[in-house]
Amino acid sequence: MDPEPHTSPPESSPSSGRRGPHTRPPDPSPVTVSRPPESSPSRGRCPRSGRRGPHSRPPQSPQRLRILVQGLVQGVGFRPTVVRIARALQLTGFVQNDPHAVIIEAQGHHPHTLVQRLHSLPPPIRVHHITTRSIPPSNSTTFTIRPSSSGPTARPLVPPDLATCPECWSEWRGTGRRAGYALLSCTHCGPRSSIVHALPLDRPHTALAAFPLCDACQAEVDCPADRRFHAQVTACPDCGPRVTGLAEAIPVLKAGGIVALKGLSGFQLLCDAQNHAAVDRLRHLKQRPHKPLAVLVDAPITPACPVVVGPTTPALAHLAPGLPWLGRLAPATPLHRVLLDACGPLVCTSANRSGDAIACTPAELPHVDAIIDHSRPILRSADDSVVRRGATSILLRRGRGLHTPLPISQGPTVLALGAHQKATLCLALADHAIVTPYLGTLSRRSVIDRYDAELQRLLHLYGAQPVALACDRHPDYHSSQVALQLARTLGVPLHRIPHHEAHIAAVLAEHQHVGPALGFAWDGTGLGDDGLLRGSEALHWDGTHFTRVASLAPFSIPGDGARSPRRCAEGWRDSPRWGTPTTSMGRLFDAAAWCCGYTADTTYEAAAAMQLEAIARPGQDPWPLPLLDGRWQHQHLIAHLLDTSVPAEVRAGRFHATLVQAIVDLSENTHTVVLSGGCFQNARLVHDTIEALQARGHRVLFPRALPPNDEAISFGQAWLTRARLQPCA
């Protein structure tokens, strides 16, 4: 889930063929590699005379290979690494950024060895695909980095912003010229996606173009032995951006104030996590009365540095009221480290009002007591990623550090506009899908503006010309309306994808599974192909089409059930004619929570379901859930859930067990089972379901690179649209 820890290039000799202690194994993506010719043993020169034996061959002439490398290979120190390896192998030639990939020409007696080494380079480099062809040798005498080329279309993959690496931490703490400089970075860390406005990813194409390198930094960039060799985002106190407001902010935090900090990919709001009055004031400012808040603490630093949700502690339990979990965030940059060392644990949350887009400039901030700013512009924001750790890790939000492009089968260029909640965009380009980070719910003007800007950026950055567009089947979503207008402008077809088909397709695409499979898409709501607001689909994928196999029997909810567990329970019990018909599993969870004692209206999404999960006692027996004509008959469950003679923890546990058993029973004759949708952010449901299915020999596909929620919808839309365009693929 989380990228590998920061590592430097392996310490073993480049010519040894051994992997360094932290290198990852070769990427499993398809590769076309020319192999070196096999040599015959015991043939060659006579050991004593030096004369050639009767079966010897003359010395091999130098070979020259043209190598095309695709993946996360721009802005991550790939070219300098190639130069070091090539020179160690005594190869000549060059490496060059191209709008489509990285081009290498390598000449010598063993250029294929370079190709083989490229597959074992450590993160943040990620090589996905290599093609090679032999070309005539030239008169090159050394191995160099050529200036980048440009063109109307671009295919290189833009890496996300990465937390400060170990080498830069040591430099910041040291006595050199970057000691104490909070905005330092190198080829392994620092801003990437947030500052680039054109490709290839070279300094003139970033927000750092306004900061010319000083002589000392330029000397590092020009030195092959330096870790900043050809680093595009490096800087120092003499030539780089400046920080303002840091010294003034520390006493404000200690006094219980609220501070806005400009981080890597957007502003964050901070306050003393142990000062209840400060936390309450921050909640009021964000209009977030109960939703859990993350805390900045001393924790292991990874490149992505996500919020990690784990068990809470009594001293900080007020940050996640009523829940046994707490989100912890490690200091991703020296600015976070300074504040943490000076003030202790700090609430650290996106700088916005609940539901709005994260702020990128001081003008977008709510009223705060102090601002820590810096002069490096943020051209593209990203919220913190959120990961739930446990027996099965669950990605809850894919933001800063984790929004890497995803491999996808080769196909035409398709643009997918995503869903309404947790919106993302997806551009399927050749054999990769560029899925934007989490953008928010498209009901606030700030989020809509961010979404529209990201759409224009995506098309401009990659020079993309989609041959088809995809969107949700719901016609009233902003994403669907933008898709319709854009399809007319471009003169291309628009594919309207049913919500839950896109959910399951996203997981099939991530795991590159071509089917058949049985998928469960359980969430709050999504428009089905029959016009019903569904949320508990079981769909069979035969490799080309989906067929509905089962869902909850419809029930009606009066009013806004998403905010009222009581209304969900009343609708479940009475199914009034004037209510909104639905098969929503999310609303069934809300109703069950009310039956088990959670009686308040909710102030944030899934609040009631999280409370139900928190009290559910494991190891309980399921209640029967009959399947009649493709509908789970669930009405009798409410009587069991309202039986107060049974402890609420047992009732909650049996409710979870009932749903797990329903999945297991329906999957009996299917080998591959897919789990997707917002309900599968519930760790109890996910763990018990996967365990039960695997115990019966099923292969379970669960999302890893994308969350199970609506952030994955755009990826599923793009994959299904390609399948429609290539029915024989």
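What you are looking at is a predicted structure, and each value in this text was computed from that prediction instead of being measured.

Digging into the overall build of the chain
- Regarding its fold elements, the chain presents 17 helices and 28 strands.
- By the compact-globule yardstick of 27 Å for 729 residues, the chain fits well, its C-alpha radius of gyration being 28 Å.
- Oriented by its inertia axes, the alpha-carbon framework of the chain measures out at about 95 × 65 × 55 Å.
- Each of the 729 residues in the chain was classed as buried or not, and the buried ones make up 59%.

As for the sheet that holds strand β1 (residues 63–72)
- If you trace the five strands from one edge of the open sheet to the other, you get β4-β1-β3-β2-β5, paired in mixed fashion. Whereas interior strands pair on both sides, the edge strands pair on one side only; in this sheet they are β4 (126–135) and β5 (143–145). Each strand of the sheet is rotated relative to its neighbour by a mean of 15 degrees, with strand direction disregarded.
- Across seven bridges, β1 lies against strand β3 (residues 102–108) in antiparallel orientation. Bridging from a neighbouring strand, I67 pairs with I104 of β3.
- Packing of helix α1 (residues 78–88) onto the sheet brings it into contact with β1, β2 (92–97), β3, β4 and β5, and relative to β5 it is tilted by some 175 degrees.
- Relative to the sheet, helix α2 (residues 111–118) contacts β1, β3 and β4, its axis offset from that of β1 by approximately 10 degrees.

Some words on the nonpolar core
- Of all hydrophobic cores here, the largest spans 77 residues; its most connected members are F520, W522, F589, W632, F655 and F680.
- Of all the elements, helix α15 (residues 648–666) adds the most residues to this core, at nine residues.
- Setting aside residues up to four positions removed in sequence, F520 forms contacts with I504, E537, A538, W632, I663, L666, S667, V673, V674, L675, S676 and F680.

Let's talk about the pattern of salt bridges
- The full count for this structure, using the stated rule, is 28 salt bridges.
- A salt bridge links D449 to R445; the nearest nitrogen and oxygen atoms lie 3.1 Å apart. With a gap of four residues between them, D449 and R445 both fall in helix α8 (residues 445–462), about one helical turn apart.
- Measuring nitrogen to oxygen at the nearest pair gives 2.8 Å for the salt bridge that ties E537 to R548. Here E537 is found in strand β21 (residues 533–541), whereas its partner R548 is found in strand β22 (residues 546–552), with eleven residues between them in sequence.
- Given the relative accessible area of 31%, R548 is considered partly exposed.
- Bridged by salt links that share partners, the residues E171, R177, R178, E220, R227 and R228 form one connected network.

Digging into the packing of helix α5 (residues 246–254) against helix α7 (residues 334–343)
- The interhelical angle for the contact between α5 and α7, taken along N-to-C directions, is 40 degrees, at an axis separation of 10 Å. The pairing of α5 with α7 is recorded here as oblique in orientation. Note on packing geometry: the crossing formed by α5 with α7 is right-handed. Between α5 and α7, the contacting residues are L246, I250, L253 and K254 on the first element and L335, V338, L339, A342 and C343 on the second.
- Among the residues making up the contact of α5 with α7, the classes are represented as eight nonpolar, no polar and one charged.

Considering the environment of A569
- Among the secondary structure elements, A569 is positioned in helix α11 (residues 565–574).
- Among the residues examined, A569 registers a relative accessible area of 3% and is labelled buried.
- Taking C-alpha positions, A569 is 41 Å from T404, a pair spaced 165 residues apart along the chain.
- When neighbours within four sequence positions are excluded, A569 is seen to be in contact with A591, W594 and I638.

A look at the environment of V102
- Mapped onto the elements of the fold, V102 is located in strand β3.
- On the basis of relative accessibility, which here comes to 0%, the residue V102 falls in the buried class.
- Along the chain, V102 and A235 lie 133 residues apart, while their C-alpha atoms are 24 Å from each other.
- Every residue in contact with V102, bar those within four places of it in the chain, is listed here: I67, L68, V69, V73, Q74, F78, V95, Q96 and N97.

About the criteria used
Residues numbered from 1 in each chain as written. Predicted model: local features only at pLDDT ≥ 70, side-chain atom pairs only at ≥ 80, totals over all residues. Heavy atoms only, no water. Helix = DSSP H or I, 4+ residues; strand = E, 2+ residues; numbered from the N terminus. Rg over C-alpha atoms; globule rule 2.2 N^0.38 Å. Buried < 20%, exposed > 50% of the residue type's maximum accessible area, 1.4 Å probe, protein only. Pairing = 2+ DSSP bridges. Axes fitted to C-alpha atoms, helices over the stretch in contact; angles between N-to-C directions. Contact = heavy atoms within 4.5 Å. Core = buried A, V, L, I, M, F, W, Y, C linked by side-chain atoms within 4.5 Å. Salt bridge = Lys/Arg side-chain N within 4 Å of Asp/Glu carboxyl O. Parallel < 35°, antiparallel > 145°, perpendicular 65-115°, else oblique. Left-handed = near helix turned anticlockwise from the far one by under 90°. Nonpolar A, V, L, I, M, F, W, Y, C, P; charged D, E, K, R; others polar.

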